[in-house]
Amino acid sequence: MYGIPVPRYACVNRTEPNQDLDYFVEEEDFIEVRGEVFWKPFVEKPVNGDDHSIMIYYPSSAGGGMKELFRKIGNRSSEFHPDVRRVRREGSYIYEEFMPTGGTDVKVYTVGPEYAHAEARKSPVVDGVVMRNPDGKEVRYPVLLTPAEKQMAREVCIAFRQSVCGFDLLRSEGSSYVCDVNGWSFVKNSYKYYDDAACVLRNMFFDAKAPHLSSTIPPILPWKINEPVQSNEGLTRQGSGVIGTFGQSEELRCVIAVVRHGDRTPKQKVKLKVTEEKLLNLMLKYNGGKPRAETKLKTAVQLQDLLDATRTLIPRTGPGESDSDAEDLEHADKLRQVKAVLEEGGHFSGIYRKVQLKPLKWDKVTKSDGDGEEERPVEALMILKYGGVLTHAGRQQAEELGRYFRNHMYPGEGTGLLRLHSTYRHDLKIYSSDEGRVQMSAAAFAKGLLDLEGQLTPILVSLVSKDSSMLDGLDTASIEMEEAKAQLNEIITAGTKLVHDYSSSELPWMIDGVGLPPHANESLPELIKLAKKVTEQVRLLAKDEEENPAEPSAYDVVPPYDQAKALGKSNIDVGRIAAGLPCGSEGFLLMYARWRKLEKELYNERRDRFDITQIPDVYDSCKYDLLHNSHLNLKGLDELFKVAQLLADGVIPNEYGINPQQKLKIGSKIARRLLGKILIDLRNTREEAMSVAELKKSQDQVSVSLCSPRKEDRCSQPKLFIKSDELRRPNTGENKDDDEDKETKYRLDPKYANVMTPERHVRTRLYFTSESHIHSLMNVLRYCNLDESLQGEESLVCQSALERLCKTKELDYMSYIVLRLFENTEVSLEDPKRFRIELTFSRGADLSPLEKNDEEAESLLREHTLPIMGPERLQEVCSCLTLETMEKMIRPFAMPAEDFPPASIPAGFSGYFSKSAAVLERLVKLWPFNKNSTSNVKKPTT
């Protein structure tokens, strides 16, 4: 009615419990109310305002489940239920679109339409743990409202005709929304609010009953003038508990990290041509009956239909039996593989299984009603993608790396980051690609970084944003990568000698094909021989599983693997291992299919041809089974791993370019958008830091001006006044050209925050992605000076680091690249050395302990995990890479400036980093609500 923005919602009203409603439909990942669809995650609230049992339902792509929010009980405010996936039906409910707020709630309290006080707290949707101070009170901090949000507070107050009220403010993707307005709400633990409220109420009374006395009353309480702020700030300056050494005048301003996902299961793909009527009809069922349109099957209902059809098509003969020709046998084996994949875990989860059906051939058939002909598909290509799931080891690695960042990347030795974050001086944004393993790695890292508790699904939905355009895909460099792979194939299979011997070169990183072992072609026959040996052993295990499915040690005793529940686990599947089964979700049949496919595609016997693009997959499978399935005692696996590793160490980095120029070209194409976003992060951080520095310089003048108000203003409080044209309509998300404008921001109110350094602020941007983007970014950093526009410039990476990178065998799971921006507050704002960049990287998971036969190796094998290598410098100690130089070297390869226009001052900074003297004040001049007056405007109160 009043035009105040609220989340999109719909009401479902029932007159009796469990009443069926023709306008309400529930599917696996969405509900539909009167034709309006709400995809998970969505919020379910009882229509009865006194019932505080609120539910949030999560999508299957994030693991599913439900989080229940309730009034605080002890230190809990919510509970996650991973098995609950259906909405309630016993009453009437409001359904709202879930608004991601970065894990923060803002509570706004009004005292009349001219005053609003805002406080932020950790949202209960993250982990449900209530943060309390030593007195047992919930920890909250005053935060700044934007002019639009202050206008919203005024309109809420007017709309409800209630001077004293409170409401929740949801800040999501650059817009603000009001929800859950409460009558007569007061701040629980803010003496500043009490004082302000007293002044406002006093003025309201005088204005109503004795307006002639209003101008004679002091604007603030007399005993509060010049009262010092008591601080409990505990942070120290840069220089302890972090990587490297820094001057005491330096402040950390920004941390940017690009991180590869954690340990995962091998990625798998099954391709088969199908002509069966049931499968072709299934394709038509889900593509709208279009004979030439492809179909994607992801939901539980779709995958169940496919499983039902597949079960009826599999012949009774077991795998490997030779009562049919080879082509029919292969087709039957692939159908068994499809069935086994779909049956994993007892329920479907879209996070790791998806099917495509693409029509290949068509024919004309008579219509069912006999009236003419119609086109129908007679053959289709089925592609089933599965695997690539984050393992328990991957989750452990990500959490541990998050804890490491908390303790070593920020000032204060661990508690410093948590203190910054809890006081809203830490601007954290986490981005992920669209892959499930990458998303879950990001969520696990966030859990360790922020010392959170509980399951990953709520953390993922609350704190992680997907950006597939920036962090997914190789399409932009597909042509160049195919050229590099063709060159690699020629070098390895034909035994082509490289022009240079990189082992004797002074600059080995500049040599073509660096990392490729000499005489690589001689290792290929051994690779095939050992792969056949391992495959045959797994085939026998699969055959035994097929022939003896009811043995007591098999699946009847050990519960099936549940992907959604596995996401909440951080230990190994002891029961499956004790039963002699493969670790995780993979049975012997799928394990055999994995190895058989590798063996077949690695070497075509009929054509006597090797496919070197399969070498990374062979190495991937070896590494996985060596770590997770060592209890199966596969003979020859150790030897196969060594041969595959030797070849993969050369193949993988050279797939991103054989020579430095090619590496730079491919890297810049893959990481172009990411590089552009990193430059935006650095630029915005510099602008904010310089605004704070300029504000500090003028603080003395501000104090003088605030203490000496003009005569005509003495009757009003020296608070922040915002012109009426600034009280614009709340932002609804239009005209946002800059990605940064869409980021939700929370800014501490510097005047009343009760911290010693409210201006200290650290921006953190975390980008979780795959191996391709790590290689691409690293190649741009070390070879950017080879570009024609940068001739004569030195590399961003020092020579000793280039040598180490050249010797680095692999950028393994949880490898990362970190850029940290520091500000030297003792040099002038114009000096380029005011801002400097520190570059570090880590190789990620360390395989070397497995190469030893000692207690450490045995312990790692028991736990099925690997340690993460610490960071290494990419610059010389005491060197100074200025931000100016960094921008100059990276800009030619980043997304151009017109695609990332200069960011305006972020909304959350509108009152904080302004150069006006009045920005130190918090309250707004608002036009008083006086329905009897349309001409004269009274002086503002607070």
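Residues numbered from 1 in each chain as written. Predicted model: local features only at pLDDT ≥ 70, side-chain atom pairs only at ≥ 80, totals over all residues. Heavy atoms only, no water.

(A) Highlighting the overall build of the protein. Helix and strand content of the protein: 24 helices and 28 strands. Residue burial in the protein is summarised as follows: out of 942 residues, 54% are buried. Looking at the protein alone, contacts between residues at least 24 apart form 74% of all its contacts between residues at least 6 apart. Carbon and sulfur atoms make up 49% of the accessible area of the protein, which totals about 42,900 Å². (Helix = DSSP H or I, 4+ residues; strand = E, 2+ residues; numbered from the N terminus. Buried < 20%, exposed > 50% of the residue type's maximum accessible area, 1.4 Å probe, protein only. Contact = heavy atoms within 4.5 Å. Areas by Shrake-Rupley, 256 points an atom, 1.4 Å probe, with all protein chains shown as cover.)

(B) Region of interest: the pairing of strand S20 (residues 426–432). Where burial is concerned, most of S20 is hidden: 7 out of the 7 residues are buried. Across the two faces of S20 the burial is the same, with His-426, Leu-428, Ile-430 and Ser-432 and Asp-427, Lys-429 and Tyr-431 all buried. Two strands pair when backbone bridges link them, and S20 and strand S21 (residues 464–466) are joined in this way by 3 bridges, in the parallel orientation. When the bridges of S21 are listed, Tyr-431 appears paired with Ser-465. (Pairing = 2+ DSSP bridges.)

(C) Focus on the sheet that holds strand S16 (residues 267–274). The strand order S16-S19-S18-S17 describes an open sheet built from 4 strands, whose pairing is antiparallel. The open sheet has two free edges, formed respectively by S16 and strand S17 (295–297), since each of these has just one partner strand. Each strand of the sheet is rotated relative to its neighbour by a mean of 25°, with strand direction disregarded. Sheet analysis places S17 next to strand S18 (residues 353–366), joined by 3 bridges and oriented antiparallel. (Axes fitted to C-alpha atoms, helices over the stretch in contact; angles between N-to-C directions.)

(D) Representation of the pattern of salt bridges within the structure. Following the criterion strictly, the structure yields 55 salt bridges and no others. One salt bridge in this structure joins Lys-285 and Asp-305, with 2.8 Å as the shortest N-O distance. Here Asp-305 lies in helix H4 (residues 300–313) and Lys-285 lies in helix H3 (residues 277–286), a separation of 20 residues in the sequence. Take Lys-285: its relative accessible area is 53%, and that puts it in the exposed class. Salt bridges sharing partners connect three or more residues here, namely Lys-72, Asp-105, Glu-119, Arg-121, Glu-138 and Arg-140. (Salt bridge = Lys/Arg side-chain N within 4 Å of Asp/Glu carboxyl O.)

(E) Just the pairing of strand S1 (residues 9–12), in detail. Burial along S1 is one-sided: the face carrying Ala-10 and Val-12 is buried and the face carrying Tyr-9 and Cys-11 is not. Pairing analysis gives 4 bridges linking S1 to strand S9 (residues 93–97), with the strands arranged antiparallel. Note that in S9 the partner of Val-12 across the bridge is Tyr-93.

(F) The arrangement of the sheet that holds strand S3 (residues 30–33) in detail. With antiparallel pairing, the 3 strands of this open sheet are ordered in space as S2-S3-S4. Looking at strand neighbours, the two that pair on one side only are strand S2 (24–26) and strand S4 (36–39), the edges of this open sheet. Pairs of neighbouring strands in the sheet enclose a mean axial angle of 15°, with direction left out of account. One ladder, built from 3 bridges, connects S2 with S3; its direction is antiparallel. Within the sheet, the bridge partner assigned to Val-25 lies in S3 and is Glu-32.

(G) Geometry of the environment of Glu-490. Note that Glu-490 resides in helix H11 (residues 478–493). With relative accessibility at 46%, the residue Glu-490 sits in the partly exposed group. Distance in space between the C-alpha atoms of Glu-490 and Asn-521 is 9.9 Å, their sequence separation being 31 residues.

(H) Fine view of the packing of helix H6 (residues 392–408) against helix H8 (residues 436–449). Relative orientation of the contacting elements H6 and H8 amounts to 40°, with a least axis distance of 7 Å. Judged on the interaxial angle alone, H8 and H6 are oblique. Regarding H6 and H8, the two cross each other, and that crossing is right-handed. In this structure, H6 contributes Arg-395, Ala-398, Glu-399, Leu-401, Gly-402, Arg-403, Phe-405 and Arg-406 to the contact, and H8 contributes Ser-441, Ala-444, Phe-445, Lys-447, Gly-448 and Leu-449. Here the contact of H6 with H8 is built from residues that sort into 6 nonpolar, 3 polar and 5 charged. (Parallel < 35°, antiparallel > 145°, perpendicular 65-115°, else oblique. Left-handed = near helix turned anticlockwise from the far one by under 90°. Nonpolar A, V, L, I, M, F, W, Y, C, P; charged D, E, K, R; others polar.)

(I) Structural context of the packing of aromatic side chains. Evaluated as defined, the whole model comprises 14 aromatic pairs. If you follow Arg-34 out to its NZ or CZ, it ends over the ring of Tyr-23, 3.8 Å from the centre. In this structure, Lys-623 is placed above the aromatic ring of Tyr-813, and the distance from its NZ or CZ to the ring centre is 4.7 Å. (Phe/Tyr/Trp six-rings, centres within 6.5 Å; stacked < 30°, edge-to-face > 60°. Lys NZ or Arg CZ within 6 Å of the ring centre and 35° of its normal.)

(J) Region of the structure containing helix H1 (residues 147–159). Compared with the 18 Å implied by 1.5 Å per residue over 13 residues, the 18 Å span of H1 between its first and last C-alpha is a close match. Within H1, 12 of the 13 residues are buried, leaving the element largely enclosed by the surrounding structure. Buried-residue contacts for H1 involve strand S10 (104–111), strand S11 (116–122), strand S13 (164–172) and strand S14 (175–183). A positive phi of about 50° marks Arg-161, the residue just after H1. (Expected span 1.5 Å × (residues − 1).)

(K) Just a positive patch on the surface, in detail. On the surface, a cluster of positive charge is contributed by Lys-269, Lys-271, Lys-296, Lys-298, Lys-354 and Lys-385. Inspection of the secondary structure assignment puts Lys-354 in strand S18. (Patch = residues over 30% accessible without salt bridge, like charges linked within 9 Å, V, L, I, M, F, W, Y side chains within 5 Å. Lys, Arg positive; Asp, Glu negative; His and termini not counted. Charge placed at Lys NZ, Arg CZ, Asp CG, Glu CD.)

(L) Up close: the packing of H11 against helix H18 (residues 660–670). As a packed pair, H11 and H18 sit with axes 10 Å apart at the nearest point and diverge in direction by 145°. Viewed along their axes, H11 and H18 form a crossing whose handedness is left-handed. Contacts from Glu-480, Met-481, Glu-483, Ala-484 and Gln-487 of H11 reach H18 at Gln-662, Lys-665, Ile-666, Lys-669 and Ile-670. Of the residues in the contact of H11 with H18, the class split is 4 nonpolar, 2 polar and 4 charged.

(M) Representation of unusual backbone geometry. The linkage connecting Lys-40 with the following residue, Pro-41, adopts the cis geometry, with an omega of 5°. Mapped onto the elements of the fold, Pro-41 is located in the loop between S4 and strand S5 (42–46). Residue Met-814 is not a glycine yet carries a positive backbone phi of 65°. Turning to its location among the elements, Met-814 is positioned in the loop between helix H22 (799–807) and strand S25 (816–824). The buried category is assigned to Met-814, whose relative accessible area is 0%. At Cys-878, a residue that is not glycine, the phi angle is positive and equals roughly 70°. By the element assignment, Cys-878 lies in the loop between strand S27 (872–873) and strand S28 (881–882). Residue classification places Cys-878 among the exposed positions, given a relative accessible area of 74%.

(N) Seen up close, the nonpolar core. Counting 52 residues, the largest nonpolar core has Ile-492, Leu-527, Trp-595, Ile-615, Val-618 and Leu-640 as the members making the most contacts within it. Among the secondary structure elements, those contributing two or more residues to this core are H11, helix H12 (524–547), helix H15 (588–602), helix H16 (615–628), helix H17 (637–654) and H18. With 9 residues, the top contributor of residues to this core is H17. Dropping the residues within four chain positions of it, Ile-615 is found in contact with Leu-524, Leu-527, Leu-602, Ala-644, Leu-647, Ala-648 and Val-651. (Core = buried A, V, L, I, M, F, W, Y, C linked by side-chain atoms within 4.5 Å.)

(O) Spatial organisation of the environment of Glu-277. Note on placement: Glu-277 falls in helix H3. In the structure, Glu-277 is positioned 102 residues away from Glu-379 in sequence and 9.2 Å away in space, judged by C-alpha atoms. A polar atom in the side chain of Glu-277 sits 3.4 Å from the side chain of Arg-376. (Polar contact = N/O pair within 3.5 Å; in protein donor to acceptor, adjacent residues only side chain to side chain.)

(P) Molecular detail of helix H5 (residues 326–342). Its 17 residues give H5 an end-to-end C-alpha distance of 25 Å, which sits within 8% of 24 Å, the value for a rise of 1.5 Å per residue. Those residues of H5 that sit buried are Leu-329, Ala-332, Asp-333, Leu-335, Arg-336, Gln-337, Val-338, Ala-340, Val-341 and Leu-342. Elements that come into contact with the buried residues of H5 comprise S16, H4, S18, strand S19 (373–387) and H15.

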